[in-house]
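Chains, contacts and geometry: an overview
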Amino acid sequence: MDFAFDARTEELRGRLLAFMDEHVYPAEAVAEEQRAGLDDPWTAPPVVAGLQAEARRQGLWNLFLPDREYGPGLTNLQYAPLAEITGRSPQLAPTALNCAAPDTGNMELLAQFGSEEQRERWLEPLLDGRIRSAFAMTEPDVASSDATNIGTRIERDGDAYVITGRKWYISGAMNPACEIFVVMGKTDPDGADPRRQQSMVLVPRDAPGLRVRRAMRVYGYEDHYHGGHAEIVLDRVRVPVANLVGEEGGGFAIAQARLGPGRIHHCMRLIGMAERAIELMCRRALDRTAFGKPLAGQGVVQQWIADSRVAVEQLRLLVLKTAWLMDTVGNRGAHTEIQAIKIATPRTVVDILDKAVQLHGAGGVSQDFPLAELWAAARTLRLADGPDEVHQRSLARRELRQYR
């Protein structure tokens with residue numbers, strides 16, 4: 001299968017690679033220094049606004065949106081190599097291009113399922129980068145890997161919905177620019193079909209009864225650049241019925257539609273992280289000497305680098321195949337491959353990052369290199385968007401079905 005990129009993708013790749021070299025990488029240390037001096041650690045460092053302005057100027061804005069009405073209209077296959085490049089600096093690059101989760105998924109959701117009023121009120125400022133958003137699905141009191149377990153209640157009361165529940169690891173919610181939550185809960189908890197019990201509603205941050213309780217840490221990190229991961233409480237929060245996304249009972253299907261492209265984005269960014277790790281490994285191996293010769297001359301180090309290169313090339317082809325299938329036969333037709341990349345990519349990238357950490361010694365677990373934070377992010381993605389085991393279970397069932 002030929003995955004040669006078309007001229008438009010190659011032109012965007014060239015521009016984005018130059019943008020990373022000229023603007024993003026030099027801004028990493030600046031952003032860290034600025035963030036340390038902020039009164040509110042959840043506020044974006046000032047350098048981010050400059051990166052966003054430059055990305056807009058260069059036409060590198062909202063690249064993820066396939067809808068030509070709102071974005072450049074790139075296919076999944078066209079956007080995939082661009083997402084990989086941003087993964088080399090995951091704290092800054094996606095935000096600089098307005099291509100950071102969870103906003104990307106929420107913008108896709110609003111573009112596809114939102115009403116005209118919802119798109120005007122929330123999608124337009126999100127596309128413009130004036131506000132941020134959060135997606136509130138995961139809960140602490142149930143096994144959220146099974147979305148039918150969700151306990152949050154969304155009850156109709158005249159011309160309003162009343163929402164009660166508790167959510168956690170709600171990405172982006174600590175950011176003061178986060179103004180809207182997409183909340184998933186049950187409008188029909190006793191319905192016969194467990195996949196038609198859920199609905200999604202839009203809840204403004206300032207809605208009475210919505211309280212952000214605390215920031216959740218991920219392997220000790222608070223992820224200030226992306227607005228953290230919060231625990232929130234919804235205590236009889238009232239929103240207009242017009243804040244329903246799509247139809248009642250459509251929440252499960254909307255969530256699945258939202259997650260498909262997101263998994264391509266995550267997996268390609270992970271490959272970018274792996275490429276950064278390989279680069280750092282090679283530079284370190286050539287720079288350091290142990291037991292009388294450069295680390296690059298040690299057989300085990302050569303094996304780590306070789307195995308990492310092979311693994312990345314395999315992963316990239318699998319993810320690009322998945323993107324191509326999503327473009328040609330849709331998410332349902334690419335179901336097996338979407339699950340395969342979700343299983344294989346974080347697991348493999350964690351292993352590559354672990355080798356890079358090992359090669360850097362104490363530096364690998366320090367704040368002086370990005371490896372520890374990249375490792376934490378990659379390891380977390382073995383849980384986010386569904387744990388590995390859920391995807392393995394579903395993929396195995398589909399595989400077995402053809403032999404029954």
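Residues numbered from 1 in each chain as written. Predicted model: local features only at pLDDT ≥ 70, side-chain atom pairs only at ≥ 80, totals over all residues. Heavy atoms only, no water.

1. Description of the pattern of salt bridges
How we decide: Throughout this description, the term salt bridge denotes a Lys or Arg side-chain nitrogen within 4 Å of a carboxyl oxygen of Asp or Glu.
For the structure on display, the rule yields 27 salt bridges. Residues joined in a network through salt bridges with shared partners are E84, E275, R309, E313 and R316.

2. A look at the environment of Q52
The following threshold applies: Secondary structure elements are taken from DSSP: a helix is a run of H or I of four residues or more, a strand is a run of E of two residues or more, and numbering for both begins at the N terminus. Contact definition: two residues touch when any of their heavy atoms are within 4.5 Å. Any N or O atom pair separated by 3.5 Å or less is treated as a polar contact, with the protein-specific requirement of one donor-capable and one acceptor-capable atom, and with residues adjacent in sequence counted only for side-chain atom pairs.
Within the element layout of this structure, Q52 appears in helix α2 (residues 46-57). The spatial distance from the C-alpha of Q52 to the C-alpha of F181 is 23 Å, given a sequence separation of 129 residues. Apart from residues no more than four positions distant in its own chain, Q52 is found in contact with W61, T95 and A96. Polar side-chain contacts of Q52 include one of 3.1 Å to the backbone oxygen of T95.

3. Re the packing of aromatic side chains
This is how it is decided: Only the six-membered ring of Trp is used, alongside the rings of Phe and Tyr, when aromatic pairs are assigned; centres must lie within 6.5 Å, and planes under 30 degrees apart are stacked while those over 60 apart are edge-to-face, with the rest tilted. Residue burial is assigned from relative accessible area. The probe radius is 1.4 Å, only protein chains are included, and a residue is buried under 20% of its type maximum, exposed over 50%, and partly exposed in between. A ring is considered to have a charge above it if a Lys NZ or an Arg CZ atom is located within 6 Å of its centre and within 35 degrees of its normal.
As enumerated under the stated definition, the model contains 2 aromatic pairs in all. A centroid spacing of 5.2 Å and a plane angle of 70 degrees characterise the contact between W168 and Y169, whose relative ring orientation is edge-to-face. The class for W168 is partly exposed, based on a relative accessible area of 25%. Ring geometry for Y219 and W375: centres 5.2 Å apart, planes at 70 degrees, overall edge-to-face. Separated by 156 residues along the polypeptide, Y219 in the loop between β6 (210-216) and β7 (229-240) and W375 in helix α10 (residues 371-380) bring together distant segments of the chain. For the cation-ring pair, R56 lies above W61, with the distance from its terminal atom to the ring centre recorded as 4.2 Å.

4. Observations regarding the environment of T148
With respect to the helices and strands, T148 occurs in the loop between β1 (132-136) and β2 (153-157). Taking the relative accessible area as the measure of exposure, T148 reaches 19% and is therefore buried. As a C-alpha pair, T148 and L353 span 205 residues in sequence and 34 Å in three-dimensional space. At 2.6 Å, the side chain of T148 and the side chain of D146 are in polar contact.

5. A closer look at the UniProt feature "domain: Acyl-CoA oxidase/dehydrogenase middle" (unreviewed entry) in the chain
The line we're drawing: UniProt positions are given in the numbering used here, feature names are shortened, and annotations may be inferred rather than shown by experiment.
Under the local residue numbering, the UniProt record ascribes the feature "domain: Acyl-CoA oxidase/dehydrogenase middle" (unreviewed entry) to residues 134-236. Measuring from the first to the last C-alpha atom of residues 134-236 gives 19 Å, for a span that is 0% helix and 50% strand.

6. Here we look at the layout of surface pockets
Rules: For each structure, a 1 Å grid was placed over the protein atoms alone; sets of points admitting a 1.4 Å probe that cannot get out are labelled cavities, open sets with protein on both sides within 12 Å along at least five of seven lines are labelled pockets, and lining residues have an atom within 4 Å of a point. Grid points are joined across faces, edges and corners, and a volume is the space filled by probe spheres set on the points. Each residue is assigned to one class: nonpolar for Ala, Val, Leu, Ile, Met, Phe, Trp, Tyr, Cys and Pro, charged for Asp, Glu, Lys and Arg, and polar for all the others, Gly among them.
Here the second largest pocket is characterised by a volume of approximately 280 Å³. For the second largest pocket, the lining is made up of 19 residues, of which P66, E108, Q112, A257 and P261 are closest to its centre. Mapped by element, the contributors of at least two residues to the lining of the second largest pocket are α5 (103-113), α7 (251-287) and α8 (299-333). Its residues assigned to classes, the lining of the second largest pocket comprises 10 nonpolar, 5 polar and 4 charged.

7. Re empty space enclosed by the protein
This structure, assessed with the given rule, holds 1 cavity of 30 Å³ or more. For the largest cavity, the calculated volume is near 30 Å³. Considering the residues around the largest cavity, the lining is formed by R263, H266, C267, L270, K342, P346, L381 and D385. Within the residue set of the lining of the largest cavity, elements represented by two or more residues are α7 and α9 (335-360). With 4 residues, α7 is the single largest residue contributor to the lining of the largest cavity. A breakdown of the residues in the lining of the largest cavity according to their chemical character gives 4 nonpolar, 1 polar and 3 charged.

8. Digging into unusual backbone geometry
Cis geometry marks the peptide bond from A101 to P102; its omega dihedral reads 5 degrees. With respect to the secondary-structure elements, P102 resides in the loop between α4 (93-96) and α5. Positive phi values are uncommon outside glycine, yet N98 reaches one of about 55 degrees. In this fold, N98 is placed in the loop between α4 and α5. Of note in this structure, R236 is not a glycine but carries a positive phi near 50 degrees. Relative to the assigned elements, R236 resides in strand β7.

9. A short note on the packing of α5 against helix α6 (residues 116-127)
To be explicit about the condition: Note on geometry: axes are C-alpha line fits, over the in-contact stretch for helices, and angles between N-to-C directions span 0 to 180 degrees. The hand of a helix crossing depends on one turn: near helix anticlockwise from the far one by less than a right angle means left-handed, and clockwise means right-handed.
Running from N to C, α5 and α6 cross one another at 145 degrees; their axes reach a closest spacing of 10 Å. For the crossing formed where α5 meets α6, the hand is left-handed. From α5, D103, M107, L110 and A111 reach across to α6, where they touch Q118, R119, W122, L123, L126 and L127. Within the contact of α5 with α6, the residues separate by chemical class into 7 nonpolar, 1 polar and 2 charged.

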